[in-house]
Amino acid sequence: MANRDEKSLAAARVYGLSLLELAERSGAAQALGEELLDLGQLLDRDEKLRAFFGSPLVDADTRRGMIEKTFRGRASDLLVDGLQVLNRHGRISLLENVIEAYRTGYQARQGHVDVQVRSAVPLSDGQRRELAAAVNAIDGRTADLIETVDPSMLGGLVVRIGDRKIDTSVAKDLRTVRAQLADRAAREILADRVA
Amino acid sequence: MKLNVDEISSVITEEIQNYRSEVDVAEVGKVLEVGDGIAQVYGLGNALAGELVEFSNGQNGQVLNLEENSVGIVILGDYLEIREGDEVRRTGELLSVPVGDVMVGRVVDPLGRPLDGLGVVESSERRPLEIKAPGIVERQGVTEPLMTGIKAIDSMIPVGRGQRELIIGDRKTGKTAIAIDAIINQKGKNVICVYVAIGQKESTVVAVVEKLREHGAMDYTIVVQAGSSAPSPLQYIAPYAGAAMAEYFMYQRGMATLVVYDDLSKQAQAYRQLSLLLKRPPGREAYPGDVFYLHSRLLERAVKMRDEYGVVPKDTPEDSTDRSLARIHPDGLKADAEHRPDGADGLYHRDDGKERAEAWHASLADSGKYRVHQYPDSGGSMTALPIIETLEGEVSAYIPTNVISITDGQIYLEPDLFFAGVRPAVNVGISVSRVGGNAQRKGMKKIAGSLRLDLASFRELEAFAQLGTELDDATQRQLDRGERMVELLKQPQYTPYSFAHQLVSMYAGTKGLLDDLPTGQVLAFESALLRHIDDEFPELFESMEDKGVMTEETESSLVEVINNFKTTFQADN
C-alpha cells in the first residue's frame with residue numbers, strides 16, 4: 001500500500017501536479033499519464049524495481065546513474081527528468097503517491113471521476129452506459145468505472161464515488177431484515193417477561 | 001414448549017413482505033490503522049468533529065481529530081474486531097443517549113446499553129451527550145438546600161441545589177461513602193440521582209448498586225458504569241452521558257437532580273490516554289491542553305434553572321408548558337416596576353417574578369378569567385458532586401487544582417482523621433462551600449453558623465494543649481466543647497439524618513448541653529435522645545421540619561426535654 005501519511009501525501013501532490021502542469025504545457029499530459037500508469041504497473045509487478053526506488057541503502061548518485069541508463073531514451077524526457085528531480089530531492093520513495101496524484105489531478109481536469117462498482121455478476125455494456133449516465137446525472141462528472149465482481153452480494157449494485165457509497169445490494173437488504181427480526185424478537189421476549 | 005414452526009415462518013414472511021428495500025447512501029472512509037481504541041480513517045472528508053460513525057462490524061466511534069487527509073476516531077467498544085481496510089460510515093449524528101423514566105433504576109453503560117440484565121432499554125427519547133450549558137439569563141442563584149443527611153456537611157459545608165461541590169481525598173477515605181449517603185438521603189424528596197462510576201472496580205460498583213437497592217434508592221437512581229476494563233473512550237464520555245440523563249429530568253420535567261461523578265481523576269486519565277494516542281501534544285503531567293475544558297464544560301452543566309411564571313387563561317391545564325398562552329402585559333418591558341414582566345414574551349422569571357405576576361394579575365379588570373401559572377418544566381436543577389482522588393494528600397497536582405477552581409467548594413477528606421475514627425473524615429478547616437449559608441435553611445444557619453470557625457480554633461488550641469501547659473478554665477471549657485462537637489459530628493455510613501434531627505443534635509452540642517457528659521457517651525446519648533423525641537414529642541420535629549427554624553417556643557421546650565432526658569440517661573449509665 002502506498003504511503004498515506006499527511007506530509008508525504010502533500011509532498012507527492014506537489015510533485016504530481018507540477019509534472020501535470022509541465023506535461024500540459026507541452027500537450028503531452030495524456031501520453032505522460034499513460035507512461036506513468038505503465039511505470040506504476042511495473043512497480044507493482046517488479047519487487048526489485050520497488051526496492052531500488054524505495055530503499056535508502058541506494059545512494060542518490062548511484063540511483064541517478066541507474067535512472068539515466070535504464071530510462072533515458074526508453075521513456076519521454078519529461079518522465080526521466082521528473083524522476084531525476086524526485087531523486088535529487090530524496091522523494092523518489094514517494095513515486096507511487098506521485099503517480100496517484102498525477103492520475104487524480106489529470107482526471108479532475110478532464111472532468112472524470114473514479115467510480116468503483118461492485119456487482120454480483122459482470123455488467124453488460126448497456127448497464128455500464130446506464131450507470132455512467134446516472135453518475136453523470138448526480139455528480140456532473142464522467143465516470144471511469146472500476147468494476148469488481150463479488151458473488152456474495154447476491155444481487156444489486158454497490159457504487160462508490162469518492163467518499164460516497166450507494167448500496168442497493170441484496171446482501172444489505174438481508175442484513176437489515178435480519179436486524180429487524182432480531183429487534184422484534186428482543187422486544188417480544190421482553191414483553192413476555194414483563195407480562 | 002413445542003417449537004411452532006408455522007408461526008415462526010409466518011413472522012419471517014410478514015417481516016420480509018413489509019420490508020421496503022431502500023437505497024442506502026452513505027459517506028464512507030477506510031481504516032488506515034487501528035490500535036488502543038483509536039482508528040485513523042482515510043476519507044470521510046465531510047465528517048464533523050464529535051460526529052458518531054459506524055464501523056462495518058457495527059461498532060460505533062466518535063470523530064475527534066480532523067486532519068488534512070484522514071480523521072482520528074475513538075472507538076466506543078471493542079477495537080480488537082476492527083481491521084485495517086474496514087469501512088467506516090458517517091451517521092450524520094452526534095453522540096446521544098436514551099433518556100426518560102425508563103432509565104430510572106437501571107444500570108447502563110455510557111451509551112445507554114443495559115448492564116443489569118433487566119432487558120432492553122425502550123426509550124423513545126434521546127439527548128445529545130454534549131450540550132452548551134445554560135447562560136446567565138436562564139439560571140437563578142443557588143438558594144435551596146440539597147441535604148446530604150450528613151451532619152458534618154449539612155451544618156458546616158452546606159450543598160445547594162445547582163451547586164458543584166467537590167469531594168476530594170486520598171484513596172480509602174470515604175469519598176464514595178459521602179456521595180452514596182447523599183443519594184440515599186434523597187429518598188422521598190423527588191430528586192432524581194445519577195451515579196456515574198468511571199474507572200472503578202466492577203466489584204465496587206456491584207456493591208454500591210446493591211447498597212442503593214437495599215436502601216430503596218434505586219427507585220430514583222440511574223447508574224452509569226464505565227469500569228476500569230472499559231475502553232478509555234467510554235470512560236471519557238461517561239460523565240457527559242450521566243449529565244445528559246439527568247438533564248432530561250431537569251429541562252423537560254423541571255425536577256431537581258443530583259449527579260455524582262466517581263471519579264473525575266480517572267476520567268482525566270482516560271482522556272489523557274486517548275489524547276496521546278491521537279497524537280495531541282501533551283502538557284503538564286502529560287495531560288492535553290484542553291483537560292481544563294474537559295471538566296469545566298461538564299461541571300458548568302450543573303445549574304439551578306429559573307422559575308418561570310405567566311398569567312394564563314384560567315382553563316389552562318396545570319401541566320401546560322405552552323409559553324405562548326401567557327398574556328403579554330400591554331406596556332411590555334416598559335410597564336411599572338411592580339408589574340413589569342422579565343421578557344417580551346410576557347414571562348416572569350427573575351427573583352420576585354412570582355410576586356410581580358401576581359400583582360399584575362390582581363390589577364387586571366378581568367382577573368377572574370386568568371391565573372398565575374408556574375411552568376412545570378422550569379426551575380429544575382442539577383447538583384453535581386464530582387469526586388477527585390488525590391495522591392498522598394497532594395491537592396496542588398494538576399487535575400485537583402483544576403477541579404477545585406471550577407467547583408463551588410470542596411469537601412476535603414483526610415486519612416489521618418479517618419484512621420483516628422473521625423468518620424466522615426472531613427477536614428473542616430479547608431473544606432468550604434462557596435455558596436455558603438445561602439443554601440442552608442434559616443434554623444441551621446443560626447445554630448451552626450459559627451461552628452466551622454469554632455472547630456478550627458479548637459484544633460489550634462488542641463495542638464497547643466498537647467504541650468502540657470496549665471490551662472485556664474475558659475480554655476479548658478473550649479477544649480471540652482470542641483471534643484464533644486468532634487464526637488457529635490461522627491456518623492456511621494447509610495444513616496442519613498433528617499433536617500430536624502440534625503438541628504436538635506447541633507443545638508445540643510453548640511449550646512453546651514452535652515458538656516457534662518463524658519465524651520465517649522456523646523453519640524450514644526444523641527441517638528437515644530433523638531429516639532426519645534421521635535417517640536414522645538414528635539410535634540417538636542414536625543414544627544422544625546415545617547418552619548425550617550427553631551421557634552423560641554420549640555427551643556424552650558426542647559431544652560427542657562433534653563435536660564430531663566439527660567437526667568434519666570445519666571442515671572441509667
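Predicted, not measured: the structure shown is a model, and the values here were computed from it.

Peer 1: Quick question: what am I supposed to make of the overall build of chain B here?
Peer 2: Scanning chain B for helices and strands turns up 17 helices and 18 strands. Taken along the three principal axes of its C-alpha coordinates, chain B extends 85 × 70 × 60 Å. Taking the average location of the 59 positive side-chain charges in chain B and that of its 88 negative ones, the two points are 2 Å from each other.

Peer 1: Sorry if this is basic, but what is going on with the domain arrangement of chain B here?
Peer 2: Interface size is often expressed as the accessible area that is lost when the parts come together. One can read the domain layout of chain B as domain 1 (28-93), domain 2 (99-304 + 380-437), domain 3 (309-372) and domain 4 (443-572). Averaged C-alpha coordinates put domain 1 of chain B and domain 4 of chain B at centres separated by 61 Å.

Peer 1: How do you make sense of the side chain of Gln440(B) when you look at a structure like this?
Peer 2: All names here are of chain B. Structurally, Gln 440 is set in the loop between strand S18 (432-433) and helix H11 (442-448). Assessed through its relative accessible area of 13%, Gln 440 is described here as buried. In this structure, Gln 440 is in contact with Asp 154, Ser 155, Met 156, Pro 158 and Lys 445, ignoring residues within four places of it in sequence.

Peer 1: Is there a simple way to explain the domain arrangement of chain A in this structure?
Peer 2: What the domain assignment lists for chain A is domain 1 (6-108) and domain 2 (112-189). One C-alpha centre belongs to domain 1 of chain A, the other to domain 2 of chain A; they are set 35 Å apart.

Peer 1: What is the right way to look at the environment of Gly105(A) in this model?
Peer 2: All names here are of chain A. Within the secondary structure layout, Gly 105 lies in helix H6 (residues 95-110). Taking the relative accessible area as the measure of exposure, Gly 105 reaches 12% and is therefore buried. Along the primary structure Gly 105 and Asp 139 are separated by 34 residues, whereas in three dimensions their C-alpha atoms are 17 Å apart. Once residues lying within four places of it in the same chain are set aside, the contact partners of Gly 105 are Leu 17 and Leu 20.

Peer 1: Whenever I open this one, the interface of chain B and chain A confuses me. Can you help?
Peer 2: Taken together, the contact between chain B and chain A spans 31 residues of the former and 22 residues of the latter. Both faces combined, the contact of chain B with chain A buries some 2,400 Å², and carbon together with sulfur accounts for 50% of it. At the junction of chain B with chain A, the criterion picks out four salt bridges. The interface formed by chain B and chain A holds seven residue pairs in polar contact (both at pLDDT 80 or more) in total. Of all the elements in the fold, those that place two or more residues in the side of chain B that touches chain A are helix H1 (5-18), strand S1 (24-35) and strand S2 (38-43) of chain B. Looking at which element gives the most residues to the side of chain B that touches chain A, the answer is S1(B), with seven residues. Looking at the side of chain B that touches chain A, its residues break down into 13 nonpolar, eight polar and 10 charged.

Peer 1: Even after reading the chapter, I still don't get helix H5 (residues 77-88) of chain A, so can you show me in this structure?
Peer 2: All names here are of chain A. Here H5 is 12 residues long and its end C-alpha atoms lie 16 Å apart, about the 16 Å a rise of 1.5 Å per residue gives. Every buried residue of H5 is listed here: Leu 79, Val 80, Gly 82, Leu 83, Gln 84, Leu 86 and Asn 87. Gly 90 occupies a position one or two residues after H5 and carries a positive phi of about 65°.

Peer 1: How should I be thinking about the pairing of strand S12 (residues 221-226) of chain B in this particular structure?
Peer 2: Regular strands place side chains that alternate from one sheet face to the opposite one. Residues and elements named next belong to chain B. Among the six residues that make up S12, six are buried, leaving the element largely enclosed by the rest of the structure. Two strands pair when backbone bridges link them, and strand S8 (residues 107-108) and S12 are joined in this way by two bridges, in the parallel orientation. By the bridge assignment for S12, Val 108 is matched with Val 224. Inspection of the sheet shows strand S11 (residues 191-198) paired to S12 by six bridges, in the parallel sense. Of the residues in S12, the one forming a bridge with Val 196 is Val 224. Running through helix H4 (residues 202-214), the crossover from S11 to the neighbouring parallel element S12 is right-handed.

Peer 1: Which parts of the structure should I look at to understand the packing of helix H2 (residues 29-45) of chain A against H6(A)?
Peer 2: Packed helices, taken two at a time, are described by the angle between their axes plus the distance between the axes. Residues and elements named next belong to chain A. For the pair H2 and H6, the least separation of the axes is 10 Å and the interaxial angle reads 145°. For the element pair H2 and H6, the recorded crossing hand is left-handed. Touching Ala 29, Gln 30, Leu 32, Gly 33, Leu 36, Leu 37, Leu 39, Gly 40, Leu 43 and Asp 44 of H2 are Leu 95, Glu 96, Ile 99, Tyr 102, Arg 103 and Tyr 106, all from H6. When the residues that make up the contact of H2 with H6 are grouped by side-chain class, the tally is 10 nonpolar, three polar and three charged.

Peer 1: Looking at this model, I keep getting lost on the pattern of salt bridges. Mind explaining?
Peer 2: Two side chains carrying opposite charge are able to pair once their charged atoms lie near each other. Inspection of the entire model under this criterion finds 49 salt bridges over all chains. Note that Asp125(A) and Arg128(A) form a salt bridge whose closest N and O atoms lie 2.7 Å from each other. Of this pair, Asp125(A) and Arg128(A) both sit in helix H7 (residues 125-139), separated by three residues, roughly a single helical turn. In this structure, Arg356(B) and Asp352(B) form a salt bridge, with 3.1 Å as the shortest nitrogen-oxygen distance. Each member of the salt-bridge network shares a partner with another, and the members are Glu68(A), Arg72(A), Asp77(A) and Asp81(A).

Peer 1: For this particular structure, what's the right way to read the sheet that holds S11(B)?
Peer 2: Whether parallel or antiparallel, the strands of a sheet pair through hydrogen bonds between backbone atoms. Residues and elements named next belong to chain B. Spatially, S8-S12-S11-S13-S16-S10-S17-S18 is the arrangement adopted by the eight strands of the open sheet, whose pairing is mixed. Either end of the sheet is taken by a strand with one partner, and the two such strands are S8 and S18. Packing against the sheet, H4 makes contact with S8, S11 and S12, and its axis sits at approximately 175° to S12. In the packing of helix H9 (residues 398-406) onto the sheet, contacts are made with strand S10 (166-169), strand S16 (381-389) and strand S17 (409-413), and the angle to S10 comes to roughly 155°.

Peer 1: Is there a simple way to think about the packing of H2(A) against helix H3 (residues 47-54) of chain A in this case?
Peer 2: Residue and element names in this part refer to chain A. Remark: H2 packs on H3, axes separated minimally by 5 Å, with the N-to-C direction vectors making an angle of 105°. When the axis of H2 is compared with that of H3, the two are roughly perpendicular. Mapping the contact onto sequence places Leu 42, Leu 43, Asp 44 and Arg 45 in H2 and Glu 47, Leu 49, Arg 50 and Phe 53 in H3. Its residues assigned to classes, the contact of H2 with H3 comprises four nonpolar, no polar and four charged.

Peer 1: I keep staring at empty space enclosed by the protein and nothing clicks. Help me out?
Peer 2: Per the counting criterion, the structure on display carries two cavities of 30 Å³ or more. Taken as a whole, the largest cavity encloses approximately 60 Å³ of empty space. Surrounding the largest cavity, Pro145(B), Leu146(B), Met147(B), Asp154(B), Pro158(B), Val159(B), Ala439(B), Gln440(B), Arg441(B), Met444(B) and Phe499(B) form its lining. Its boundaries defined by the atoms lining it, the second largest cavity holds a volume of some 30 Å³. Leu19(A), Leu36(A), Leu79(A), Gly82(A), Leu83(A), Leu86(A), Leu95(A), Val98(A) and Ile99(A) are the residues that line the second largest cavity. Mapped onto the lining of the second largest cavity, the elements with two or more residues apiece are H5 and H6 of chain A. Considering only residue class, the lining of the second largest cavity consists of eight nonpolar, one polar and no charged.

Peer 1: What is the right way to read the nonpolar core from this model?
Peer 2: Nonpolar side chains in soluble globular proteins generally cluster together in the buried interior. Residue and element names in this part refer to chain B. Counting residues in hydrophobic clusters, the biggest one holds 79 residues, and the most contacted among them are Ile 183 and Leu 212. Here this core gathers at least three residues from each of two domains, domain 2 (99-304 + 380-437) and domain 4 (443-572). When neighbours within four sequence positions are excluded, Leu 212 is seen to be in contact with Ile 180, Ile 183, Ile 184, Ala 217, Met 218, Thr 221 and Val 223. Listed in part, the 63 residues of the second largest apolar core include Val 121, Leu 294, Leu 299 and Ala 302.

Peer 1: Looking at this model, I keep getting lost on helix H7 (residues 291-299) of chain B. Mind explaining?
Peer 2: The α-helix advances 3.6 residues per turn, and as a result positions three or four apart in sequence lie on the same side. A large share of H7(B) lies buried, amounting to seven of its nine residues. Packed against the buried residues of H7(B) are helix H5 (232-252), strand S13 (256-262), helix H6 (264-277), S16 and H9 of chain B.

Peer 1: Explain the side chain of Gln225(B) to me, please; I cannot follow it from the model alone.
Peer 2: All names here are of chain B. Looking at the element boundaries, Gln 225 is found in strand S12. Owing to a relative accessible area of 8%, Gln 225 belongs among the buried residues under this scheme. Among the polar contacts listed, one links the side chain of Gln 225 to the side chain of Glu 202, at a separation of 2.9 Å. The contact partners of Gln 225, leaving out residues within four places of it in the chain, are Val 107, Val 108, Asp 109, Pro 110, Leu 115, Ala 197, Glu 202 and Val 205.

Analysis parameters
Residues numbered from 1 in each chain as written. Chains lettered and ligands numbered in written order. Predicted model: local features only at pLDDT ≥ 70, side-chain atom pairs only at ≥ 80, totals over all residues. Heavy atoms only, no water. Helix = DSSP H or I, 4+ residues; strand = E, 2+ residues; numbered from the N terminus. Lys, Arg positive; Asp, Glu negative; His and termini not counted. Charge placed at Lys NZ, Arg CZ, Asp CG, Glu CD. Domains from an automatic or database assignment. Buried < 20%, exposed > 50% of the residue type's maximum accessible area, 1.4 Å probe, protein only. Contact = heavy atoms within 4.5 Å. Buried area = accessible area lost by both parts, 1.4 Å probe. Salt bridge = Lys/Arg side-chain N within 4 Å of Asp/Glu carboxyl O. Polar contact = N/O pair within 3.5 Å; in protein donor to acceptor, adjacent residues only side chain to side chain. Nonpolar A, V, L, I, M, F, W, Y, C, P; charged D, E, K, R; others polar. Expected span 1.5 Å × (residues − 1). Pairing = 2+ DSSP bridges. Right-handed = clockwise from strand over helix to strand, strands pointing away. Axes fitted to C-alpha atoms, helices over the stretch in contact; angles between N-to-C directions. Left-handed = near helix turned anticlockwise from the far one by under 90°. Parallel < 35°, antiparallel > 145°, perpendicular 65-115°, else oblique. 1 Å grid on protein atoms, 1.4 Å probe; cavity = no way out; pocket = protein on both sides within 12 Å on 5 of 7 lines; lining within 4 Å. Points joined across faces, edges and corners; volume = space filled by probe spheres on them. Core = buried A, V, L, I, M, F, W, Y, C linked by side-chain atoms within 4.5 Å.

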